[in-house]
Amino acid sequence: MSKSFSVITGDVGKALAQLRSAVPETMKGFGQMSQAALSDGAMSPLQKELIALAIGVSSRCDACIGFHVKALHKLGVTREQLMETLAVCIYMGGGPTLMYAAEAVRAYDEFAPVEAAVA
């Protein structure tokens, strides 16, 4: 059975909503940390999201791949930028990372039509 990153991010999003209700201060703190880490600075938000994706791929986290690829589409990432980031992941992480790099490509392709239809 093939993964759907739309389903994965939707399902995890629902679970995150439950966490926001159960532990609001923790989730608020995490959200603030995320905003601060990904904000524009010496590096652009797009560059920072590419790093986040690389860590998600290396950690083999489907939800991380889904959420960060979705964010990268909104930031206007090109397929070439994504592929170069994944090449570095593969270089650093070997075979298991190669398999999750392929998952990131699938996520990119899955979200591409959705982003194009919204624009």
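One can find the structure itself at the top, above this paragraph.
Here's what I pulled together on the structure shown here. Small disclaimer: the values here were computed from a predicted structure and weren't measured.

Looking at a nonpolar patch on the surface
Right, so step 1: Together, Met43, Ile51 and Ile55 line one region of the surface with nonpolar side chains, adding up to about 260 Å² of accessible area.
Right, so step 2: Within the element layout of this structure, Ile55 appears in helix α3 (residues 45-59).

Topic: unusual backbone geometry
Right, so step 1: The backbone of Arg60 shows a phi angle near 60 degrees, a positive value even though the residue is not glycine.
Right, so step 2: Inspection of the secondary structure puts Arg60 in the loop between α3 and α4 (62-74).
Right, so step 3: Look at Arg60 and you get partly exposed, because its relative accessible area is 38%.

As for the pattern of salt bridges
Right, so step 1: Within this structure, the stated rule accounts for four salt bridges.
Right, so step 2: In this structure, the salt-bridge partner of Glu103 is Lys3, at a minimum N-O distance of 3.4 Å. One end of the pair, Glu103, is in helix α5 (residues 79-118); the other, Lys3, is in the segment before α1 (5-22), and 100 residues separate them in sequence.
Right, so step 3: Residue class for Glu103 comes out buried when judged on its relative accessible area of 14%.
Right, so step 4: Of the residues examined, Lys3 reaches a relative accessible area of 28% and is grouped as partly exposed.
Right, so step 5: Among the ionic pairs, Asp109 bridges to Arg79, the shortest N-O distance being 2.5 Å.
Right, so step 6: The partly exposed category is assigned to Asp109, whose relative accessible area is 39%.
Right, so step 7: Residue Arg79 is classed as partly exposed on the basis of its relative accessible area of 31%.

A closer look at the environment of Lys28
Right, so step 1: Mapped onto the fold, Lys28 is located in helix α2 (residues 24-38).
Right, so step 2: Under the relative-accessibility criterion, Lys28 is labelled partly exposed at 49%.
Right, so step 3: Taking C-alpha positions, Lys28 is 19 Å from Ala52, a pair spaced 24 residues apart along the chain.

Here we look at the packing of α3 against α4
Right, so step 1: Taken N-terminus to C-terminus, the directions of α3 and α4 make an angle of 160 degrees; their axes are 9 Å apart at the nearest point. By the criterion of interaxial angle, the relationship of α3 to α4 is roughly antiparallel. When the axes of α3 and α4 are compared, the crossing they make is left-handed. Listed contacts from α4 to Leu46, Glu49, Leu50, Ala52, Leu53, Gly56 and Val57 of α3 are Cys64, Ile65, His68, Val69, Ala71 and Leu72.

Some thoughts on the side chain of Thr97
Right, so step 1: Its place among the elements puts Thr97 in helix α5.
Right, so step 2: If we ignore the near neighbours within four places in the chain, the residues touching Thr97 are Val57, Ser58, Arg60, Cys89 and Ile90.

Rules of the game
Residues numbered from 1 in each chain as written. Predicted model: local features only at pLDDT ≥ 70, side-chain atom pairs only at ≥ 80, totals over all residues. Heavy atoms only, no water. Patch = residues over 30% accessible without salt bridge, like charges linked within 9 Å, V, L, I, M, F, W, Y side chains within 5 Å. Areas by Shrake-Rupley, 256 points an atom, 1.4 Å probe, with all protein chains shown as cover. Salt bridge = Lys/Arg side-chain N within 4 Å of Asp/Glu carboxyl O. Helix = DSSP H or I, 4+ residues; strand = E, 2+ residues; numbered from the N terminus. Buried < 20%, exposed > 50% of the residue type's maximum accessible area, 1.4 Å probe, protein only. Axes fitted to C-alpha atoms, helices over the stretch in contact; angles between N-to-C directions. Parallel < 35°, antiparallel > 145°, perpendicular 65-115°, else oblique. Left-handed = near helix turned anticlockwise from the far one by under 90°. Contact = heavy atoms within 4.5 Å.

Everything listed is a geometric property; what it means functionally is a separate question.
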